Structure formats: C-alpha cells, structure tokens
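Fold and contact review
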Amino acid sequence: MFMPSPIHVHAQPGSFSRWIVLILMLIAFLYSRGWLCLRRTAPTLFPGWRLLGFLGGLLAIGVAVGSPLGALDHQALTAHMLKHLMLMVVAAPLTLLGAMSRPVRSGLPNWVARGSLLFTTRLASSLGGLFGNSIFCWLAGTTTVVVWHIPFFFQLGLSSPAWHTIEDASFICAGLLFWKPIITPPPNEANTPQWSLVLYLFLATVPCDILSAFLAFCGRVVYPYYLSTNQTFTLSALEDQECAGALMWVAVTFAYLIPAVLITANLLSTDGVHFEQLAPSTSCGTRAAELPGSEIEVA
C-alpha cells in the first residue's frame, strides 16, 4: 500500500507552483502578442473570443495545478476529481478554441519562430495522421481517465511528486486530443458526418459513467490513501468518494451533452453553420508567409 508522502504535501504550493504560474504567464504574453499581430491582418480568423477562450484555458490550468486546489487533492478525492475535470473538460477545449500554436508562434522572436515552424512542420508530417484520427483521440481521452483511476496508478500519483506531475500532464494532453475532433477537425475529416461526433461524445460518457457510478455506489473506500489522511472537510473518506463520483457523473454528462446538443441542432437546421476550418494564417513582419495552412493544434 502506498503511504502518504510529506514531500508531496508541500511540493505543490511551493516553488513548483510559482514556476507553473510564471510559465503560464509567459505563454499568455506570447499568445496575446501574436494574437494582436494576427488580428491586424486576419481579424475574422482571430476574433476576440479566441483570445478569451485561450486565456480562460490557461487560467483553468493555473487553478488546477498552481493554486491551493493542487495541494487539496491529497486531502480529498473530490478536490482531486475537480482538478482532473478542470484540466480535461475545461482547460483543454478552451485552449483548443484559441488555436494556440499560430498566435504563440507569431508572438515569438523571428529566429525562434523559424525554428518552431520547422519543428511543428516535421511533427505534423510524422504524427498528423495519428493525432488526426478520431479513434485514437477517443482512446487517448478515455484510456487516460480509466487508467489513472485504477487504485495502483492513482495512489502512485499521490505518493510521488514526479508521478503526480506526469498524471497532470497526461490529463491535459489527453484532453487536447479528445476535444480536437470536436473543436478543430482535421481537413481530411472535414466531410465526416456530424452525427458521428454525437456518437463520439456519447460513447465517451459510457466509461466515465461506469467509473463514477462505481465510486458513488460501491459502498467501500477504493483508495486507501484517503483513509490515512486528515480530511479537510467534514466528510468521511467514503462520503468524500461518493461526492467525487457524483461530481464526475454530473460534470462529464453536461460537458459532453452540451456540444452533442449543439451538433444535433446544427444537423437539424436547414442552414446550419458547420465547424470552422482555419484558413492559412498570417503573421507580423517577415513571418507573414511562413505559417503553414494546416497544423496539429495539440503541438
């Protein structure tokens, strides 16, 4: 059995959290700078809601891993579940709505932007088919959720700061992959029937509903770690687990239901608006013609 680690208790709210905040602030600055450049040349492709969406995604990441919530996850399973949900169903889709890579690259100095352009072009050619595959994206999202809630891996993340960082990173990466077919479908899937996206979302709720129902109704504490910690709230370990299961059940259902309803409404509309495909973007100065017409948004 994994025992609580005092190192982990103090790792999140300390210098590690400050580094996270600084990195997120740097990304926000680069994105905002690049967004302003792109908006002057292509205002219709980069409206204000993209900026707000991306900054909202960064804020969600900061709250999840760089705030006191990041330290509460070893005290309460509900806080741990809330953290996972913020990373995967809040931060990931908001970040994708911002079309991150183009504005960030436009905000970089010229010589750095050229190097990143070469890197992302090679990455797109080697991994584009994989990251653009809806089945792979679905499996990445659902497998990450299921695997990290297996007791062995769950308590491994709680007992080790390094593994906990890997856990957080895997949730945000899996979230980006999962939401990519919904928010930024690749060009080779532009003609994919939209009803398949409804099925994509519906099938994703199944493993999450099974897991959340198990946590809420199994009648025993699944993760012994929380039996040996001082509960921050007045809930017992079992009550905390039931609350976490209910939170996951409700949050995931609504997070997947809302876009499914919007897609369905679009299908039923005679003049429905299809998902937007970003045209080739332009940048400031000498980088105006350097950006490719398509890229992997996850990169």
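Attention here is on the structure that accompanies the text. (Residues numbered from 1 in each chain as written. Predicted model: local features only at pLDDT ≥ 70, side-chain atom pairs only at ≥ 80, totals over all residues. Heavy atoms only, no water.)

1. Regarding the overall build of the protein
The criterion, for reference: A helix here means a DSSP run of H or I that spans at least four residues, while a strand means a run of E at least two residues long, and both kinds are numbered starting from the N terminus. Contacts are assigned to residue pairs that have any heavy atoms within 4.5 Å of one another.
Scanning the protein for helices and strands turns up 11 helices and zero strands. Taken from N to C terminus, the helices and strands of the protein fall in the order α-α-α-α-α-α-α-α-α-α-α. The long-range fraction of contacts in the protein, counting pairs at least 24 apart against all pairs at least 6 apart in sequence, stands at 77%.

2. Considering the packing of helix α8 (residues 151-159) against helix α9 (residues 161-183)
As a reminder, the rule being used: To get an axis, fit a line to the C-alpha atoms, keeping to the stretch in contact for a helix; angles then go from 0 to 180 degrees between the N-to-C directions. What sets the label is the angle itself: under 35 degrees gives roughly parallel, over 145 gives roughly antiparallel, 65 to 115 gives roughly perpendicular, and the rest give oblique. Note on residue categories: nonpolar means Ala, Val, Leu, Ile, Met, Phe, Trp, Tyr, Cys or Pro, charged means Asp, Glu, Lys or Arg, and polar means any other residue, Gly included.
The contact between α8 and α9 brings their axes to 5 Å, and the two run at 120°. Between α8 and α9, the crossing angle belongs to the class labelled oblique. Along its contact with α8, which presents L156, G157, L158 and S159, the element α9 presents P161, W163, H164 and E167. Split into classes, the residues belonging to the contact of α8 with α9 amount to four nonpolar, three polar and one charged.

3. Focus: the environment of L55
Selection criterion: For every residue, the accessible area obtained with a 1.4 Å probe (protein chains only) is divided by the maximum for its type, and the residue is called buried under 20%, exposed over 50%, and partly exposed between those limits.
Mapping L55 onto the fold places it in helix α2 (residues 48-66). Of the residues examined, L55 reaches a relative accessible area of 31% and is grouped as partly exposed. Residues L55 and A28 lie 27 residues apart in sequence; the distance between their C-alpha atoms is 6.5 Å. Residue contacts for L55: discarding those within four places in its chain leaves A28 and S32.

4. What to know about the nonpolar core
Basically, it comes down to this: The definition of a nonpolar core used throughout is a set of buried Ala, Val, Leu, Ile, Met, Phe, Trp, Tyr and Cys residues joined through side-chain atoms within 4.5 Å.
Counting 65 residues, the largest nonpolar core has W179, L201 and Y256 as its most contacted members. Every element with two or more residues in this core is listed here: α1 (6-41), α2, α4 (77-97), α7 (134-148), α8, α9, α10 (195-217) and α11 (237-268). The leading source of residues in this core is α4, at 11 residues. Once residues within four sequence positions are removed from consideration, W179 is found in contact with M88, V89, A92, P93, L96, T184, L201, A255, Y256 and P259.

5. Re a nonpolar patch on the surface
What counts here: Note that patches include only residues with greater than 30% relative accessible area and no salt bridge, and the join distances are 9 Å for like charges and 5 Å for nonpolar side chains (Val, Leu, Ile, Met, Phe, Trp, Tyr). Note that accessible areas follow from Shrake-Rupley with a 1.4 Å probe, and for residues the cover is restricted to the protein chains shown. By definition, a salt bridge exists where a carboxyl oxygen of Asp or Glu is found within 4 Å of a side-chain nitrogen of Lys or Arg.
Taken together, W195, L199, F202, L203, V206, I210, L267 and L268 make up a surface patch of nonpolar side chains, about 830 Å² in accessible area. Counting only elements with at least two residues in the nonpolar patch, the list comes to α10 and α11. Among the elements that line the nonpolar patch, the one with the most residues is α10, at six residues. The topology assignment puts L268 in helix α11. The class for L268 is exposed, based on a relative accessible area of 69%.

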